[in-house]
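# A structural walkthrough
Here are the chains, one letter per residue:
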Amino acid sequence: FRDVHIQLLLSFGLLVAFLSRNGPGSAAIIILITAFSIQWAVLIQGMLHFFLNGKIYVGAQSMVSADFCTAAVLISTGALLGRVSPVQMLLLALLEVTLCALNEFILLSLMGVSDRGGSLTIHTFGAYFGLMVSRVLYQPHKDKRKREEQQDKGHQKDAFAVVGTIYLWIFWPSFTSTATVHHDAKNWAVLNSYFSLVASTMSTFILSPVLYEESTPRMVQIQDATLAGIAVMGMAGEMLLTPFGALIAGFLVGLISPLGFKFFTPVLHSKLKIQDTCGVHNTHGLPGVLGALLGTLLTLLATADTFGYRLELVFPLVAQGSRTVTDQAFTQLSALPLTLLLATLGGCITG
C-alpha cells in the first residue's frame, strides 16, 4: 500500500508538473484530485465490494482499490492538463470514479475477469476516458500556446522527468503486483514487470535515434517507455509469461510507444481533433489494450500443469471446473470492448 500510494503522489505529481502553465503548481492539483478521488472511491467501491450488514468495511484492500481507481483518474487528467480548471477536474473525478468502480465491479466480480494489475480497469479505462473528454473539449487556439509553453520549459521538463522516471522504476512493480498472489517468493507479477521494464527501455534507446535527430533519447522518452512497459503487464503480469515472454512484450511495447508519438499523435490532433497533453494514448491506452490481448493469449495456457496451485488463485472458476480455459479466454477478451465502451461513453458525457 505504501508503494502504491507513493507512486500516486510522487510519480504522477512529478510527471505532470511541467505540463501546465502553473508549473509545479499542477503537482498540487494532482494532490487535490488524489485526496478527493480516494474518498469518493472508498464510498463507491465500498458499496459494490465491501458492503455487509448495512456498513462499508475498510482496510488495506479497500485502500489499495481506492488508489487504483484514483490512478485511472490521474491518467485521464494527463490528457487534459493545462486546458481545464481544478474545479472541472474535481467534476471529472466525481464522474470517472463512479464509472471506473462500476467497470471494475462488472469485470472482476460479475464476469470473473483476471486483471489485478489493471491493464483494462486502470490504464485502458483511464486513457480512453480522458481522450474522449479531450475530444469534447477541443480548443484549436490551445495548440499554439501549448507549443510555446513546452519550448519555454524544456530544461524543467527533463528535470522533473528524471526524478519521476526513477520513482516509476522503483514503485511500478509493487503497483502491478500488490493485488496478485503473494503466497511464495516467486511473485510472477514483480518478475514480469521488471523484465518488461528493462526491455522497453532498451528498445527506446534503439529506436529513438532512428526516429529523431538526437543520438541519445531524452528523459521524457525513457519515462514514456517505462509507463508503457508496465501498462502491458497489468493483466498478463501474474500469468505464466516467463522471462523471455516478458522481455519480448516489453521490447515490442517499447517500440510501439515512440512510434505512436511520432506518427499516431499527429493524426489524433489533425484528424480526430483530440489534444492529448501528456500522450496518455501511447503510454497507457495502446499498451493497456495490448496487455489485455496478451493476457487473453496467456489464459489459453492456464492449466493445472502449467500454473500449479496458482490456477485456483488466478482463475478460480477454471480451477473449480465451472468454466473451461476457452470460456475464460473469451471472457478476458470480451472485457476489452466493454471497457472501451464504458470509457468512451463516460468520457463523452463528462466532457
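These remarks concern the structure in this document. These figures come from a predicted structure and were not determined experimentally.

For the pair helix H9 (residues 219-231) and helix H11 (residues 242-270), the least separation of the axes is 9 Å and the interaxial angle reads 130 degrees. As far as their axial angle goes, H11 and H9 are oblique. In the packing of H9 onto H11, the handedness of the crossing is right-handed. Facing H9, whose interface residues are Asp224, Ala228 and Gly229, H11 presents Val253, Ser257 and Phe261. Partitioned by chemical class, the residues of the contact of H9 with H11 number three nonpolar, two polar and one charged.

Turning our attention to the pattern of salt bridges. Using the criterion set out here, one finds two salt bridges in the structure. The partner of Arg2 in a salt bridge is Asp3, with the nearest N and O atoms 3.4 Å apart. Using a relative accessible area of 61% as the deciding quantity, one classes Arg2 as exposed. The class for Asp3 is buried, based on a relative accessible area of 19%. Between Arg116 and Glu238 there is a salt bridge, with the nearest N and O atoms lying 3.0 Å from each other. You can see Arg116 sitting in the loop between helix H4 (86-110) and helix H5 (119-136) and its partner Glu238 sitting in the loop between helix H10 (233-236) and H11, a full 122 residues away along the chain.

Here we come to H4. Across its 25 residues, H4 extends 34 Å between first and last C-alpha, which sits within 8% of the 36 Å expected from 1.5 Å per residue. Buried residues of H4: Met89, Leu92, Ala93, Glu96, Val97, Cys100, Ala101, Asn103, Glu104 and Leu107, and no others. Following H4 by one or two positions, Gly112 has its phi on the positive side, about 75 degrees.

Pairs of packed helices are described in terms of their axes, by the angle between the two and the distance that separates them. At a minimum axis distance of 10 Å, the contact between H4 and helix H16 (residues 325-350) shows a crossing angle of 165 degrees. In terms of their interaxial angle, H4 and H16 are classed as roughly antiparallel. The interaxial crossing formed by H4 with H16 has right-handed handedness. Where H4 abuts H16, its residues Leu92, Leu95, Leu99, Asn103, Ile106 and Leu107 lie against Ala335, Leu338, Thr339, Leu342, Gly346 and Thr350. Partitioned by chemical class, the residues of the contact of H4 with H16 number eight nonpolar, four polar and no charged.

Now for the nonpolar core. Core analysis: the largest hydrophobic core is formed by 74 residues, its most contacted members being Phe307 and Phe315. Take this core: its biggest share by element is nine residues, from helix H3 (residues 60-78). With residues near it in sequence (within four places) discarded, Phe315 still touches Ser114, Met239, Thr299, Ala302, Phe307, Arg310, Gln328 and Gln332.

Further remarks concern H3. Side chains of residues three or four places apart in an α-helix project in the same direction, reflecting 3.6 residues per turn. A rise of 1.5 Å per residue sets the reference length of H3, with its 19 residues, at 27 Å; its end C-alpha atoms lie 27 Å apart and thus fit the reference within 8%. H3 sits mainly inside the fold: 16 of its 19 residues count as buried.

One pass over the structure, following the stated rule, counts six aromatic pairs. An angle of 10 degrees between the planes, with centres 6.0 Å apart, marks the rings of Tyr167 and Phe171 as stacked. Residue Tyr167 and its partner Phe171 are located together in helix H7 (residues 154-177), separated by four residues, close to a single helical turn. The exposure class assigned to Tyr167 is partly exposed, which follows from its relative accessible area of 25%. With a centroid separation of 5.7 Å and an interplanar angle of 75 degrees, the aromatic rings of Trp188 and Phe307 are classed as edge-to-face. Taken together, the residues span a long stretch of sequence, with Trp188 in helix H8 (residues 188-211) and Phe307 in helix H13 (residues 304-307) at a distance of 119 residues.

Rules of the game
- Residues numbered from 1 in each chain as written.
- Predicted model: local features only at pLDDT ≥ 70, side-chain atom pairs only at ≥ 80, totals over all residues.
- Heavy atoms only, no water.
- Axes fitted to C-alpha atoms, helices over the stretch in contact; angles between N-to-C directions.
- Helix = DSSP H or I, 4+ residues; strand = E, 2+ residues; numbered from the N terminus.
- Parallel < 35°, antiparallel > 145°, perpendicular 65-115°, else oblique.
- Left-handed = near helix turned anticlockwise from the far one by under 90°.
- Contact = heavy atoms within 4.5 Å.
- Nonpolar A, V, L, I, M, F, W, Y, C, P; charged D, E, K, R; others polar.
- Salt bridge = Lys/Arg side-chain N within 4 Å of Asp/Glu carboxyl O.
- Buried < 20%, exposed > 50% of the residue type's maximum accessible area, 1.4 Å probe, protein only.
- Expected span 1.5 Å × (residues − 1).
- Core = buried A, V, L, I, M, F, W, Y, C linked by side-chain atoms within 4.5 Å.
- Phe/Tyr/Trp six-rings, centres within 6.5 Å; stacked < 30°, edge-to-face > 60°.

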